[in-house]
Amino acid sequence: MPSLQQTAPWKALTKHWQAIHHKKFQIQEMFQKDPQRSNQMRLQAVGITLDYSKNLLTQDTIKLLIELAHAAELLDSLHKMYAGACINSTEQRAALHIALRNRTERRFIVNKQDVMPRVRTVLKRMAKFVEQIRSGTWRGYSGKQITDVVNIGIGGSNLGPLMVTTALGHYHDGPKVHFVSNIDGTHIIETLKPLNPETTLFIIASKTFTTQETLTNACTAKDWLLKAYDNNLKAIAYHFVAISTATEKVAQFGIDTNHIFEFWDWVGGRYSLWSAIGLPIAIAIGMPRFYELLDGAHAMDQHFETAAFRENLPVLMALIGIWYTNFAGFSTQAILPYDQYLCYLPAYLQQLDMESNGKSVTKAGKPVDYATGPVIWGASGTDGQHAFYQLIHQGTQIIPCDFLLSVHSHNEVSDHHLKLLANGLAQTEALMRGRTYEESYQELIKQCYTPQAAAALAPHRVFSGNRPTNTLLVDKFTPYTLGALLALYEHKVFVQGAIWNVNSFDQWGVELGKQLAGVILKELQSGIASNDHDPSTHNLIQTIIQQRSQS
Ligand code: F6P
């Protein structure tokens, strides 16, 4: 395969962007020129409608982007993932999260073995445990029913379950589920404050069971529990379960091996909410609804595998992202869910996208000579409108946005939902339409400004417009549609990583900081700062040591 930049479609896309840019392409004009644009740039699959017509592109752009996908052998990468090939080459692992939500008899082979029997066994164990907790047959050591579940994990062992549990808040009918991730003692202390140890269950979620934050929080939780039980170690078995691939390490920590829910190295941390890592979700909403979540994701997996690129939601969204990242030079992307339940979606997608594609070498270890993963950020609407949308509308950077809307709300109270929808749609319209100087000026005159005052104020009220957005519309954010939506974003990230030829499934960039933290921790503990650091870090360590010794 030639280097990406040397391919014909890449060269054509570079010229195509220059032409679009040069001709001052206006999305609004494209709607006038092509009455079919809105219908043709709209795609529906698995309960999700994607309207991508308000983007800086034409049908020719899509055609060229699809050619780029073919030149980058996307289909081959897709088949390799579905075949359980070792696509995470730096860690010698498959990436088979699709097997976790496989709802058919299809086999998924890793190292010549079908993983499906093990997947089903763990799901059955989860179902039994979830039922015991929710029905109250599982009791704490003193015989009381579990009322609160605390998930201790970080990164993929936190963000996925936290986001989904919150997103499906409408369906909660089990014990209250809490999440502790940060090593900052405030997180666990504040979480535990209102809880009763006798009615609290801890889930220690860690793929590797070596993560400092999780193990430190787990130790604090154990101390808190044992204090309430006069240090009786027998209580641990009633109040602690673990989810991990490292069963020996869990046993060393003191958790009963019968209380370990297993998953496997072919499940990446940020792709793991579909595995036993989803246990807190299932406890909150019940196993049937957890299965619905898997069903939605599975339906999207099938769509991704079989739909032609032109009709393929993840492929199209990925290609639009590539268009902006590599040809337009837009380096960030905003995720704007108009749904309070989806408030953690931007943070979840941040890890999914940035940890997967924040890479600067190819799979072969050669430096890339093009941009890769964009900065992903956002917040739920309408809050964001009153905070950072100013920059999206009038700032000097162009920020492509994904607006996520639902036709119906779980909380149809008075006209809240219509107002929410009106705001979301209005933002996409305003971002595209903009407002000229003349329009601003005339508006001010109508509002009885003097011509002089209107002329002074009008430039501040000009919106350049022509700012690109995708709109994703679902009927309602149910477990099924949420599952489909998350799988859509997972595959979008996969497609981009495949085209950029980076390994989307490793995360070596998190290592160095962890190593150095270990060194610094020892110095903070001993009160002796070594001279091995740069002067800035050394001085900061010194200052902290000095100030802590005085208090
Ligand atoms: O440090 C990053 C990371 O490795 C993530 O990829 C992962 O999701 C998180 O830490 C937690 O890891 P673990 O589940 O092994 O505790």
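J.: Pulling in residues and values, what's your account of the layout of surface pockets?
T.: Roughly 820 Å³ of volume is contained in the largest pocket. Lining the largest pocket are 34 residues, with Thr208, Thr211, Gln507, Val510 and Lys514 positioned closest to its centre. Broken down by secondary-structure element, the contributors of at least two residues to the lining of the largest pocket are α10 (212-228), α16 (345-357) and α22 (511-526). With four residues, α22 is the largest single contributor of residues to the lining of the largest pocket. Tallied by class, the residues present in the lining of the largest pocket amount to 10 nonpolar, 15 polar and nine charged.

J.: If you had to explain the site of the ligand to someone new, which residues and values would you point to?
T.: What surrounds the ligand is a group of 14 residues, the closest being Gly156, Ser157, Ser206, Thr208 and Thr211. In this structure, an oxygen atom belonging to the ligand sits 2.6 Å away from a side-chain N or O atom of serine 157. Protein chains bury 88% of the 390 Å² of accessible surface belonging to the ligand in isolation. Considering only residue class, the shell around the ligand consists of two nonpolar, nine polar and three charged.

J.: Could you give me a rundown of the packing of aromatic side chains, with the residues and numbers involved?
T.: Going through the model one piece at a time under the given rule, you end up with 23 aromatic pairs. On the basis of an interplanar angle of 90° and a centroid distance of 5.8 Å, the ring pair of phenylalanine 202 and tryptophan 224 is categorised as edge-to-face. A residue pair is termed long-range when its members are at least 10 positions apart, and phenylalanine 202 in strand β7 (residues 200-205) and tryptophan 224 in helix α10 qualify at 22 residues. Under the relative-accessibility criterion, phenylalanine 202 is labelled buried at 0%.

J.: Please set out the nonpolar core residue by residue, giving values where relevant.
T.: Judged by nonpolar contacts, the single largest core of 129 residues is most densely connected at Trp266, Leu279 and Leu345. Ranked by residues supplied to this core, first place goes to helix α21 (residues 479-500) with 13 residues. If sequence neighbours within four positions are ignored, leucine 279 has contacts with Met126, Phe129, Val130, Ile203, Val241, Ile243 and Phe261. In terms of nonpolar packing, the next biggest core, distinct from the first, is built from 23 residues, Leu195, Ile204, Tyr229 and Ala246 among them.

J.: Residue-level account of the sheet that holds strand β12 (residues 401-406), with values.
T.: Strand order in the open sheet made by the six strands is β1-β2-β13-β12-β10-β11, with mixed pairing throughout. The outermost strands of the open sheet, each flanked by one partner alone, are β1 (42-45) and β11 (375-378). Within the sheet, the average angular offset between the axes of one strand and its neighbour, ignoring direction, is 20°. Judged from the four bridges that link them, strand β10 (residues 332-337) and β11 form a sheet pairing that is parallel. Bridging from a neighbouring strand, isoleucine 335 pairs with glycine 378 of β11.

J.: Residue-level account of unusual backbone geometry, with values.
T.: The step from glycine 381 to threonine 382 runs through a cis peptide bond, and the omega angle for that step is 10°. Here threonine 382 lies in the loop between β11 and α17 (389-394). In this structure, cysteine 448 takes a positive phi of about 70° despite not being glycine. Among the residues examined, cysteine 448 registers a relative accessible area of 71% and is labelled exposed.

J.: Tell me about the pattern of salt bridges, and please be specific about residues and values.
T.: Tallying each qualifying case throughout the model produces 17 salt bridges. Between lysine 144 and glutamate 198 there is a salt bridge, with its nearest N and O atoms 3.3 Å apart. With lysine 144 in the loop between α7 (116-135) and β5 (148-152) and glutamate 198 in the loop between α9 (185-192) and β7, this residue pair connects regions lying 54 residues apart in the sequence. Look at lysine 144 and you get partly exposed, because its relative accessible area is 37%.

J.: Describe the sheet that holds strand β6 (residues 176-180), naming the residues involved and giving the relevant values.
T.: Taken together, the five strands give an open sheet; going across it, the order is β6-β5-β7-β8-β9, and neighbouring strands pair in parallel fashion. Across the chains shown, the open sheet's two edge strands, defined by having one partner strand only, are β6 and β9 (260-262). Across this sheet, the average inter-strand angle for adjacent strands is 20°, counted without regard to direction. In this structure, β5 lies alongside β7, joined through five bridges in parallel fashion.

J.: Requested: an account of the pairing of strand β13 (residues 469-474), with residues and values cited.
T.: Of all six residues in β13, five are buried, a share of seventy percent or more. In this sheet, β13 lies alongside strand β2 (residues 48-51) in antiparallel orientation, the contact comprising four bridges. Within β13, the residue paired with threonine 49 across the bridge is leucine 473. In the sheet, β12 pairs with β13 via six bridges, with the strands oriented parallel. Bridge pairing links phenylalanine 403 to threonine 471 in β13.

Reading the values: rules and limits
- Residues numbered from 1 in each chain as written.
- Predicted model: local features only at pLDDT ≥ 70, side-chain atom pairs only at ≥ 80, totals over all residues.
- Heavy atoms only, no water.
- 1 Å grid on protein atoms, 1.4 Å probe; cavity = no way out; pocket = protein on both sides within 12 Å on 5 of 7 lines; lining within 4 Å.
- Points joined across faces, edges and corners; volume = space filled by probe spheres on them.
- Helix = DSSP H or I, 4+ residues; strand = E, 2+ residues; numbered from the N terminus.
- Nonpolar A, V, L, I, M, F, W, Y, C, P; charged D, E, K, R; others polar.
- Near = heavy atom within 4 Å.
- Polar contact = N/O pair within 3.5 Å; in protein donor to acceptor, adjacent residues only side chain to side chain.
- Areas by Shrake-Rupley, 256 points an atom, 1.4 Å probe, with all protein chains shown as cover.
- Phe/Tyr/Trp six-rings, centres within 6.5 Å; stacked < 30°, edge-to-face > 60°.
- Buried < 20%, exposed > 50% of the residue type's maximum accessible area, 1.4 Å probe, protein only.
- Core = buried A, V, L, I, M, F, W, Y, C linked by side-chain atoms within 4.5 Å.
- Contact = heavy atoms within 4.5 Å.
- Pairing = 2+ DSSP bridges.
- Axes fitted to C-alpha atoms, helices over the stretch in contact; angles between N-to-C directions.
- Salt bridge = Lys/Arg side-chain N within 4 Å of Asp/Glu carboxyl O.

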